[in-house]
Amino acid sequence: MPAPRILEPNEHLSFGKQRLNRIIEGDNLQAMVSLRSQYRDSVDVAYLDPPYNTGKGDFRYSDRRHKDPNASADDAVYVSNEDGGKHTKWLNYIGPRLWLTWELLADHGVCFISINDVELFRLGLLMDEIFGEKNRIGVIVWKQAVDNNRTRIAVEHEYVLCYAKRIEETAEHWQGTSLAKQWLLTKYDELRKQYSDVVELQRHWRAAILEQKKAYRTAVAAGRGDDVVNVGRMDRFRNINEHGPWAKDWHLENTKEGGYDYDIFHPKTGIPCRKPPKGYRYPQESMTKLIAEDRIVFGKDHTETAQLRRYLRDSSDALRSVVTIPGRNGSDRLVALVPEEAKRFPHPKPVELLELILGAAGDIDALVLDPFAGSGSTGEAVMKLNARDNGIRRFILIEEGEPGDRYARTLTGPRLRAAIEKEGWNDGFEFLTTGRKLDRDAILTLEREAIISLVLQTDPTGMGGGMRKIGGKYVVAANGRSQAICLNWNGRADSIITREVLVEMFNEAKALNLKKPIRVYGSTCQVGETDSFVFRQIPDAILVALQLVETAQEESDMLGAINVLEETIRAEANSRG
């Protein structure tokens with residue numbers, strides 16, 4: 001594993017006011033090592049789209065960097081099909097990255113990785129070794145093309161392997177979003193922007209569904225059925241009210257004999273409605289709540305059984321093992337957003353594919369990692385899902401690019417910025433670069449702004465949630481508990497935490513309505529710790545967080561030294577009263 005790097009924010013390349021999302025420019029192995037102090041055991045869903053090793057200029061390998069992951073990769077060359085060690089090189093490359101992905105995943109986390117036939121079997125064995133065969137959830141076949149060429153077997157698909165970190169911690173049932181639902185939700189969002197009147201909106205909505213069904217039948221007749229989304233049974237969501245598209249659902253009836261027996265009264269006749277033959281599925285208290293929320297659809301009178309009003313946004317489907325999404329959808333979307341930049345990236349993944357897997361495996365607050373970000377399809381999928389269900393998902397995208405073309409700044413960032421502006425999303429991202437290699441001496445020579453970045457990168461109270469940066473004199477950030485993170489840094493010789501400095505830190509934190517204990521960073525501290533503050537010594541606290549200790553004994557010695565120093569400070573403070 002390489003040494004961690006400082007992750008330096010670039011204000012010019014960042015975008016938007018909401019910057020919980022991150023784009024990191026640099027080698028993904030170096031970047032993931034640098035993320036461990038904040039995101040170890042924190043990622044909910046990881047998606048990887050590594051080079052497929054086709055021998056057609058898609059995979060570059062550096063033997064120098066393999067032997068020393070801190071070395072320059074200027075010897076990297078594209079691996080060809082004539083290279084007798086092509087598979088070994090690919091495994092050397094992907095193995096450490098899969099291991100770090102596993103380490104960053106939460107216990108309930110899930111990893112998806114795209115691949116084609118070239119490395120499918122080797123990847124499967126490697127995943128079995130790193131994740132464990134028992135944690136294999138399944139393999140998705142993604143049908144993404146139509147091949148009418150004369151051949152033995154027309155290859156029209158790729159694969160997405162899915163593994164859990166600990167399958168016993170992963171939800172037993174996923175609720176996926178079908179392509180039909182995706183299409184309907186997108187179309188509804190388009191029409192809602194055009195028509196404010198519900199009656200007019202419903203008329204155009206039904207017309208759009210009818211038109212899509214005709215288009216699908218035409219495509220099937222022409223042998224191109226895979227090119228058009230089949231609305232299918234989802235066309236039952238043809239009604240619209242102020243909350244969105246809905247359909248009647250017989251979900252009120254119990255599936256077995258012995259359901260709940262009570263009366264619900266028709267709003268017009270005032271007479272009890274006809275009961276389902278097996279009774280109601282929900283207790284009376286739940287039914288009362290559903291009626292109050294206008295989730296019950298009554299018939300024309302009490303002689304008809306009431307039904308549940310199910311909204312399109314609440315419908316779900318299992319994540320299927322065979323998915324049909326045209327591969328060109330990815331290119332079409334990229335061209336629509338950044339037409340000039342799209343020319344340099346010919347095969348982006350469709351956003352629809354990422355929506356399917358992220359929507360199924362991750363909750364609305366999922367942290368999503370993509371170490372091979374490419375054009376940024378994963379980031380757009382995360383934001384699109386959030387816009388649809390008011391989620392608070394976050395993404396971390398890592399992209400190094402190619403020689404002479406750093407995709408993160410020329411493609412990934414501009415594409416996501418264009419998507420945010422086009423769709424009107426209240427979103428954004430922080431752009432970071434992998435800086436210098438870190439060790440004790442390197443940390444002690446950093447300027448204040450670099451130390452601030454490093455504190456935000458490593459403070460353990462930001463684990464999984466990150467920090468909110470604050471540009472105060474001493475208060476540099478706040479963690480998720482609204483505790484102040486304070487720093488006094490003017491170089492190794494002039495960064496002492498005195499009583500006077502500490503008082504200023506407390507006053508500044510109080511003015512910002514931040515809580516105690518405040519976390520105080522400096523080279524040394526002349527005041528004994530109390531319940532109101534925690535001292536974090538630079539560089540030792542940062543070195544431990546970055547795992548920049550060579551042995552367990554060294555780490556023990558370092559922590560022991562810190563404890564001795566803290567006890568000495570307390571004893572001196574007590575002796576002075």
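Please read all numbers here as calculations on a predicted model, not as lab measurements.

A.B. asks: Would you mind showing me how to read the packing of aromatic side chains here?
C.D. replies: Ring pairs (aromatic) are described by centroid distance and by the angle formed between their planes. Throughout the structure, instances matching the rule amount to eleven aromatic pairs. Both rings, one in Trp-99 and one in Trp-102, keep their centres 5.1 Å apart while their planes meet at 20°; by these two values the pair is stacked. Highlighted residues: Trp-99 and Trp-102, both in helix H3 (residues 86-104), separated by three residues, approximately one helical turn. According to the relative accessible area criterion, Trp-99 is partly exposed, its value standing at 37%. With a centroid separation of 5.4 Å and 85° between ring planes, the pair formed by Phe-345 and Tyr-407 is classed as edge-to-face. Note that Phe-345 is positioned in the loop between helix H9 (339-342) and helix H10 (351-361) and Tyr-407 in helix H12 (residues 407-423), a separation of 62 residues in sequence. Members of the aromatic cluster, each reached through a chain of ring pairs, are Phe-59, Tyr-61, Tyr-93 and Phe-372. One residue, Arg-309, lies across the ring of Trp-246, its end atom 4.3 Å from the ring centre.

A.B. asks: I tried to follow the sheet that holds strand E11 (residues 296-297) on my own but got confused; where do I start?
C.D. replies: Sheet strands pair by backbone hydrogen bonding; their relative direction is either parallel or antiparallel. Ordered by their spatial adjacency, four strands build an open sheet running E9-E10-E12-E11, and the pairing between neighbours is antiparallel. Either end of the sheet is taken by a strand with one partner, and the two such strands are strand E9 (239-241) and E11. Sheet topology note: the E9/strand E10 (residues 244-249) ladder contains three bridges and is antiparallel. Bridging from a neighbouring strand, Ile-240 pairs with Pro-245 of E10. Most of the contacts of helix H6 (residues 198-221) go to E9, to which it runs at about 155°, and overall it touches E9 and E10.

A.B. asks: Is there a simple way to explain the pairing of strand E3 (residues 43-48) in this structure?
C.D. replies: Side-chain direction in a regular strand flips from residue to residue, so the side chains alternate between the two faces of the sheet. Along E3, six of the six residues are buried, which leaves the element largely enclosed by surrounding structure. Judged from the five bridges that link them, E3 and strand E6 (residues 105-115) form a sheet pairing that is parallel. Each residue of the ladder has a partner; that of Leu-48, found in E6, is Ile-113. As defined by bridge partners, E3 adjoins strand E14 (residues 367-370) across two bridges and the pair is classed as parallel. When the bridges of E14 are listed, Val-45 appears paired with Val-368.

A.B. asks: When you look at the confidence of the model for the chain in this model, what are you seeing that I'm missing?
C.D. replies: When pLDDT drops low, the exact placement of atoms in the prediction is not to be read closely. Per-chain confidence: the chain averages 88 in pLDDT, with 93% of residues scoring 70 or above. Mean pLDDT values for the elements of the chain range from 53 in helix H17 (residues 552-575) up to 97 in helix H4 (residues 120-131).

A.B. asks: Could you clarify how one ought to interpret the pattern of salt bridges in this entry?
C.D. replies: When the charged atoms of two side chains lie near each other, side chains of opposite charge can form a pair. Counted by the stated rule, this structure contains 42 salt bridges. The partner of Lys-469 in a salt bridge is Glu-449, with the nearest N and O atoms 3.7 Å apart. Residue Lys-469 is found in strand E17 (residues 468-469), and its partner Glu-449 is found in helix H14 (residues 448-458); the two are separated by 20 residues along the sequence. Taking relative accessible area as the criterion, Lys-469 reaches 45% and is therefore assigned partly exposed. Using a relative accessible area of 48% as the deciding quantity, one classes Glu-449 as partly exposed. The network of salt bridges with shared partners includes Lys-193, Arg-333, Glu-380, Arg-415 and Glu-423.

A.B. asks: Is there a simple way to think about the environment of Asp-83 in this case?
C.D. replies: Mapped onto the elements of the fold, Asp-83 is located in the loop between strand E5 (77-78) and H3. Considering only alpha carbons, one finds Asp-83 and Gln-526, 443 residues apart in sequence, at a separation of 62 Å. Within the structure, the side chain of Asp-83 is placed 2.8 Å from the backbone nitrogen of Gly-85, a separation counted as a polar contact.

A.B. asks: Just checking my understanding: could you explain the sheet that holds strand E2 (residues 22-25) for this structure?
C.D. replies: Strand order in the open sheet made by the ten strands is E1-E16-E2-E15-E14-E3-E6-E8-E7-E13, with mixed pairing throughout. Pairing within the sheet leaves two strands with one partner each, and these edge strands are strand E1 (5-9) and strand E13 (322-324). Sheet twist, expressed as the mean angle between neighbouring strand axes with direction ignored, is 20°. Sheet strands in contact with H10 are E3, E6, strand E7 (136-143), E13 and E14, and its direction is about 155° off that of E3.

A.B. asks: Help me understand H10, please; the structure alone is not making it clear to me.
C.D. replies: Since the α-helix advances by 3.6 residues per turn, residues separated by three or four positions end up pointing in the same direction. The buried fraction of H10 is high, at ten of eleven residues. Within the span of H10, buried status applies to Val-351, Leu-353, Leu-354, Glu-355, Leu-356, Ile-357, Leu-358, Gly-359, Ala-360 and Ala-361.

A.B. asks: What am I meant to see in the environment of Ile-470 here?
C.D. replies: As for its position among the elements, Ile-470 is in the loop between E17 and strand E18 (475-478). It is 9.0 Å that separates the C-alpha atoms of Ile-470 and Ile-485, two residues lying 15 residues apart in sequence. Setting aside chain neighbours within four positions, we find Ile-470 in contact with Val-475, Val-476, Ala-477, Ala-478, Leu-512 and Leu-514.

A.B. asks: Honestly, the side chain of Ser-114 in this entry has me stumped. Any pointers?
C.D. replies: Tracing the chain through its elements places Ser-114 in strand E6. Note on Ser-114: relative accessible area 0%, which makes it buried. Polar side-chain contacts of Ser-114 include one of 2.6 Å to the side chain of Tyr-47.

Calculation criteria
Residues numbered from 1 in each chain as written. Predicted model: local features only at pLDDT ≥ 70, side-chain atom pairs only at ≥ 80, totals over all residues. Heavy atoms only, no water. Phe/Tyr/Trp six-rings, centres within 6.5 Å; stacked < 30°, edge-to-face > 60°. Helix = DSSP H or I, 4+ residues; strand = E, 2+ residues; numbered from the N terminus. Buried < 20%, exposed > 50% of the residue type's maximum accessible area, 1.4 Å probe, protein only. Lys NZ or Arg CZ within 6 Å of the ring centre and 35° of its normal. Pairing = 2+ DSSP bridges. Contact = heavy atoms within 4.5 Å. Axes fitted to C-alpha atoms, helices over the stretch in contact; angles between N-to-C directions. pLDDT = per-residue confidence, 0-100. Salt bridge = Lys/Arg side-chain N within 4 Å of Asp/Glu carboxyl O. Polar contact = N/O pair within 3.5 Å; in protein donor to acceptor, adjacent residues only side chain to side chain.

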